[in-house]
Amino acid sequence: MKKLMIVALMAVAASTAFAGDSDALKQILKAKTYEEAENLVKANLNSLANSEEKAKAYNKLVELALKPAEKIISDIQLNEMAGKQEPYDSVALYTNLGRAFDAAYECEKYDQMPNEKGKVKPRFHKSNAEKLYGLRPNLINAGIYYQQKEDNANAYKFLRGYVDSSIDPLFAEQDKSNDPNLTNIAYYAAIFAYQAGDIAAVDKYADIAMKDPEKKADAMNVKLAMAQSGLKNHADSVAYMQKLEGIYANDKNNDMVFGSLVNLYSGLNENAKLEQLFNEKLAADPNNFTVWAVKGQNAMIAQDLENAVTYFKKALDAQPENTQILTYLGACLLDRASQAEDRAAGKTGRVAPAALEQIMPIYEESRSYLEKARNLDPGRNNANWAYPLYRCYYRIYGDNDARTKEAEALTK
């Protein structure tokens, strides 16, 4: 009896060990098209016996997607070798490539799960990685194709797919020593992520792009823009300020982070922090444009015109052709001259010639800066110099002068 039981148990074990594919999997493996197989996988995934069957089902999807894509790629290569430029079905190529990569990632997920004995024995990992990794550049082509079609959703999908494939475990063993496109594509993926409002993705792709020194500044700009766009209340602003402080502490030469901190401190009325930030920056860089420009703006707003003029002149030492600063400086000098004239007139309304002799050079200095702004930016694209220049001309030349009339016309 005992012997019979052992034989029976062995028979059960043998039947389990050599059990064939489930009916659901057999149906999937018989499918002739990707669409047919995909529908069967969706309908029967939970009916498949185990992770091994699920991996086999998704690998079938990889095969069915790759077959038409590889045929198109082969035709393109043959035509190029023959010196021909024959049209091909771009949508079919890129759709099937996207399907192949997506299915391979799902296959990998189940392929890496432990079996009944607790062991991981991937069956499709190596073959899928080798088949797909070399096709990655086509994902860039797909992104460009859909961007030209103004289909940003698909452009983003394929560009991020290219970047994601560089770090996905499926391709862990592939040689990644030569990937000159990665940081550039990561930067564009970050931009599309920004447009989609996906802050986590912006950080992810921008961080990859920032590994390239040439992309670091632009990628940081995207990160900062995304973070700023998500500020909804004071608590968000404080959290963002603390994040920026951490970044700046590790990169004191980052002008974009510095500028963002300046704006944030100003907006949050963190005057003590702002002054400390300025002092530290000037100790390292006495001619820092941003520091002097912001100090000048703050003094101008506070009507501290003397200091505003001093600070704006220091900003111009760093950027002599900055039309906005030229305009601000001209306007501050104009106000200084006007106020001095009002004080000199007193209750009589008359300004003594000796006082006027000291005041008019200030008007002339104002005019020189405003005219330089006009010459550099005649279209007033960056600075609206017209109104202060009109006031300046009016005081120096009178209301009938052609220069005054020309400047006045621009203010209307």
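Not measured: the values here are computed from a predicted model.

1. Notes on the environment of Glu408
- Take Glu408: it is sitting in helix α20 (residues 402-410).
- Relative accessible area serves as the criterion here: at 26%, Glu408 is assigned to the partly exposed category.
- Remark: the alpha-carbon pair of Glu408 and Leu389, spanning 19 residues in sequence, is separated by 8.6 Å.

2. Here we look at the pattern of salt bridges
- If you walk through the whole model with that rule in mind, you get 21 salt bridges.
- Two residues, Asp21 and Lys56, come together in a salt bridge whose shortest N-O distance is 3.2 Å. Pair noted here: Asp21 is in the loop between α1 (2-17) and α2 (23-29) and Lys56 is in helix α4 (residues 51-81), with a separation of 35 residues, a long-range link.
- On the accessibility criterion, Lys56 (18% relative accessible area) is buried.

3. Quick look at the environment of Ile208
- Mapping Ile208 onto the fold places it in helix α10 (residues 199-209).
- With 122 residues separating them in the primary sequence, Ile208 and Glu86 have C-alpha atoms 36 Å apart.

4. Considering the packing of aromatic side chains
- Applying the stated criterion across every chain yields a total of 18 aromatic pairs.
- Measuring from centroid to centroid gives 5.7 Å for Tyr146 and Phe158, while their planes differ by 5 degrees, and the two rings are stacked. Taken as a pair, Tyr146 in helix α7 (residues 137-148) and Phe158 in helix α8 (residues 152-167) lie far apart in primary sequence, 12 residues in all.
- Accessibility expressed as a relative area gives 8% for Tyr146, which makes it buried.
- Judged by relative accessible area, Phe158 falls into the buried class, the value being 3%.
- Consider the rings of Tyr187 and Tyr188, whose centres lie 5.3 Å apart with planes at 65 degrees: the pair is edge-to-face.
- Ring pairing ties together the aromatic residues Tyr94, Tyr145, Tyr146 and Phe158, which thus form one cluster.
- Looking at Arg160, its charged tip hangs above the ring of Tyr156, at a distance of 4.5 Å from the centre.
- Between the NZ or CZ atom of Arg403 and the centre of the ring of Tyr397, over which it lies, the distance is 3.6 Å.

Calculation notes
- Along each chain, the written sequence defines residue order, and numbers are assigned to residues from 1.
- Restriction of local features to residues with pLDDT of at least 70 applies here, the model being predicted, together with a cutoff of 80 or more for giving and counting side-chain atom pairs; totals for whole chains, interfaces and linings are based on all residues.
- Heavy atoms throughout the structure, all of them, feed into the side-chain values; hydrogens and water do not.
- Secondary structure is summarised from DSSP: a helix means a run of H or I of at least four residues, a strand means a run of E of at least two, and numbering begins at the N terminus for each.
- Burial classification: accessible surface area is computed with a 1.4 Å probe over protein chains only, and a residue below 20% of its type maximum counts as buried, one above 50% as exposed, and the rest as partly exposed.
- Whenever Lys or Arg places a side-chain nitrogen within 4 Å of a carboxyl oxygen from Asp or Glu, that contact is recorded as a salt bridge.
- When two rings of Phe, Tyr or Trp (its six-membered ring) have centres within 6.5 Å they constitute a pair, described as stacked for plane angles under 30 degrees, edge-to-face for angles over 60, and tilted for the intermediate range.
- We call a charge positioned over a ring when the NZ of a Lys or the CZ of an Arg lies within 6 Å of the ring centre and within 35 degrees of the ring normal.

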